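Structural characterization, general
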Amino acid sequence: MAETRRLFFALELPKEVQKQIIQWRATQFPEDAGRPVAAANLHLTLAFLGDISAEKQKALSQLAGRIRQRGFPLTIDDAGQWLRSNVVWIGPRHAPLGLIQLANMLRSQAARNGCYQSPQPFHPHITLYRNTPRAVTIPPPNFRWQFKVDEFALYESVFKNGRTRYQELQRWSLSNKEE
């Protein structure tokens, strides 16, 4: 059987935004809110690919490299909890069209290449906590982080020594001008 890797396309958060989110999270949630996601692992998933072969990875990387889309501003100004999946998240209250378009292109390419894609609509979010044991009080939306998205990347989820880390494999730039 061919070796596979657990991969996903995502947006990396600027380091300063990561730092601010971690500081905000520490002041807004109790210590027992769940398992906090490490600062280096904070990201916004565009398309989860699952366990895929090197051949499929190559094909999806080539397709991702053909995407021609302008960069866009992204504002993180909403928070919530999904009780079914035991996740606390933050994300945009109103996702920009560029974000939806990019995610839809990557998700449709993944589906055409045999990667299962959830039938649920894309809900852009950054996971703050996993394994939340119960409902937590979500802070009022008195926060706002904004940054320009001008690239996206392919990541591998690597579980080693009892920890999951996300390793960037490849990165693509979005255009900053009309083409």
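Calculation rules
- Residues numbered from 1 in each chain as written.
- Predicted model: local features only at pLDDT ≥ 70, side-chain atom pairs only at ≥ 80, totals over all residues.
- Heavy atoms only, no water.
- UniProt positions renumbered as here; feature names shortened; annotations may be inferred.
- Helix = DSSP H or I, 4+ residues; strand = E, 2+ residues; numbered from the N terminus.
- Buried < 20%, exposed > 50% of the residue type's maximum accessible area, 1.4 Å probe, protein only.
- Contact = heavy atoms within 4.5 Å.
- Polar contact = N/O pair within 3.5 Å; in protein donor to acceptor, adjacent residues only side chain to side chain.
- Pairing = 2+ DSSP bridges.

Per an unreviewed UniProt entry, the chain goes by RNA 2',3'-cyclic phosphodiesterase and derives from Buttiauxella brennerae ATCC 51605. For the record of the chain, the UniProt heading Sequence similarities (unreviewed entry) holds the text "Belongs to the 2H phosphoesterase superfamily. ThpR family." According to the UniProt record, the Function (unreviewed entry) comment for the chain reads "Hydrolyzes RNA 2',3'-cyclic phosphodiester to an RNA 2'-phosphomonoester."

**Quick look at the UniProt feature "active site" (unreviewed entry) in the chain**
Within this numbering scheme, the UniProt entry marks His43 and His125 as carrying the feature "active site" (unreviewed entry). The named residues occupy 83 residues along the chain; their greatest pairwise C-alpha distance, 8.2 Å, places them in one compact cluster. Structurally, histidine 43 is set in strand S3 (residues 43–53). Using a relative accessible area of 12% as the deciding quantity, one classes histidine 43 as buried. Once residues lying within four places of it in the same chain are set aside, the contact partners of histidine 43 are Phe8, Ala10, Leu11, Leu13, His125, Ile126, Thr127 and Tyr166. For histidine 43, the side chain forms a polar contact with the main-chain oxygen of asparagine 41, separated by 2.7 Å. Relative to the helices and strands, histidine 125 is located in the loop between helix H3 (97–112) and strand S7 (126–130). Not counting residues up to four positions away in its chain, the partners in contact with histidine 125 are His43, Leu44, Thr45, Trp82, Trp89, Ile90 and Gly91.

**What to know about the pairing of strand S6 (residues 87–91)**
The element S6 is extensively covered by neighbouring structure, given that five of its five residues are classed as buried. Neither face of S6 is exposed, since Val87, Trp89 and Gly91 on one face and Val88 and Ile90 on the opposite face are all buried. Across five bridges, the pairing between strand S5 (residues 78–82) and S6 is antiparallel. Considered in S6, the bridge of glycine 80 is made with tryptophan 89. Counting the residues in the hairpin turn of S5 and S6 gives four residues, including asparagine 86, whose phi is positive at 55°.

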